[in-house]
Amino acid sequence: MSRPVPKEVEIAVAGGSIAGLCAGNALLSAGFDVHLFERSAQRLSSRGAGIVVQPELLNLLKSVDARPLATTGCTVRRTFVASTGQVETISMPQRFTSWEAIYSSLRSSFPDHRYHSGNELTLEAQSASGVNIWSGNDRIEADLLIAADGIRSRFRAALAPDTITSYSGYVAWRGVVNETELDPDLVEHFDDTFSFCQATGGGHALCYFIPGSDLATERGRRRLNWVWYIHVDHGPALDRLLTDKSGRRRDTSVPQGEISDNMRDFLLAHTGALTEAFARLVEATPDPFLQSIIDVVPSGMVFGRVCLIGDAAFVLRPHTAAAAAKAAADAMALAHALRGTEGDFDHRLSAWERQRTAIGRQLVKYGVMLGDRAQT
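Residues numbered from 1 in each chain as written. Predicted model: local features only at pLDDT ≥ 70, side-chain atom pairs only at ≥ 80, totals over all residues. Heavy atoms only, no water.

**Notes on unusual backbone geometry**
Here's step 1: A positive phi angle, near 60°, is found at Asp-65, a position not held by glycine.
Here's step 2: Here Asp-65 lies in the loop between α2 (55-63) and β4 (72-81).
Here's step 3: The phi dihedral of Leu-215 is positive, around 60°, even though this residue is not glycine.
Here's step 4: Along the polypeptide, Leu-215 turns up in the loop between β13 (204-210) and β14 (223-231). (Helix = DSSP H or I, 4+ residues; strand = E, 2+ residues; numbered from the N terminus.)

**Regarding the environment of Leu-27**
Here's step 1: Counting through the fold element by element, Leu-27 comes out in helix α1 (residues 18-29).
Here's step 2: Residue classification places Leu-27 among the buried positions, given a relative accessible area of 0%.
Here's step 3: Considered as a pair, Leu-27 and Leu-338 are 311 residues apart in the sequence and their alpha carbons are 8.8 Å apart.
Here's step 4: If near-sequence neighbours (up to four positions away) are discounted, Leu-27 is found in contact with Ile-11, Phe-32, Val-34, Ile-146, Leu-334, Ala-335 and Leu-338. (Buried < 20%, exposed > 50% of the residue type's maximum accessible area, 1.4 Å probe, protein only. Contact = heavy atoms within 4.5 Å.)

**A word on the packing of aromatic side chains**
Here's step 1: Enumeration over the complete set of coordinates arrives at 8 aromatic pairs.
Here's step 2: Measuring from ring centre to ring centre gives 5.1 Å for Trp-99 and Tyr-103, while their planes differ by 10°; the resulting arrangement is stacked. Placement of the pair is Trp-99 and Tyr-103 together in helix α3 (residues 99-108), with a separation of 4 residues, close to one helical turn.
Here's step 3: For the pair Tyr-170 and Tyr-229, a centre-to-centre distance of 5.9 Å together with 85° between the ring planes defines the contact as edge-to-face. Of the two residues, Tyr-170 is situated in strand β11 (residues 164-178) and Tyr-229 in strand β14; the sequence distance between them amounts to 59 residues. Each member of the pair, Tyr-170 as well as Tyr-229, is classed as buried.
Here's step 4: The ring of Tyr-115 carries Arg-107 above its face, with NZ or CZ at 4.1 Å from the centroid. (Phe/Tyr/Trp six-rings, centres within 6.5 Å; stacked < 30°, edge-to-face > 60°. Lys NZ or Arg CZ within 6 Å of the ring centre and 35° of its normal.)

Structure representation (structure tokens):
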């Protein structure tokens, strides 16, 4: 039976990070009654993620009248071959930002009274017309629940147990360093570039400047963000890397401040595979962190009146530089579908799911291709 779109659609979003804020802003701007629930009671923060700016994110920020995004930039892309000393430089202007900068812009346009910190949502039941959910001791009824709870999504685990998760065969070491903590010649070496290093023995590293403390973008106040992809066999070797300093084996990543001394020594012992400049950058990083590179492909994105978006749906490899852009595009497409005029509410959800699932699968395949090429 056809079920018309309710006059006032009430939407609950689980997750207050980038994907959740993309959804909250896009849907609120489209005229829906949206409330966002973040399980952490503290303001979210992260120093460690540099992000290449993509148009999908900029389009969303502009459409919701968010605070301008803090960005840095470069004019050239430069590739260094560690084994031969060869250097290739091409003109390629790009913009870069950080997790903090994106979060700050998105949060600026989402009303405080609709953002509920310290509230983790639990799905009680759903019907053909909506969902019943719990936030602590409060029972909430909504027409739609959007799961934006990240890579380890509880909702995906419950609703899509046939999700395919596979380890890529390599990990990414990451770090950020304030440029004031680097030797001036190293700052000059990497300034105005998106730099790549083909490591001896396989794999590669990359680096670029991102906004620094207080989202400062001027020279002298930026941070240099780097990523180094290294092959690690699945099994004991990966288990050792993902074991933090307290002895806990993490699922997919070891955050800043949790890397064991043995694993940091392991990282530094391998810097001989890089160029001298990249090796010095890694060695100058006081608090590196680690993530295993995985591919996650769910069977779908809509399960009744629950939608998965961002990393709660498809998890992409970092080579695509598309995770934040995909979250923004998921959200914008959902807002467009729900405020459209074709079909009933469930028909619109299905149309959105077909489009975004196809794109998610394409991006996963693209990331696998880029990763295979980069690791040879």
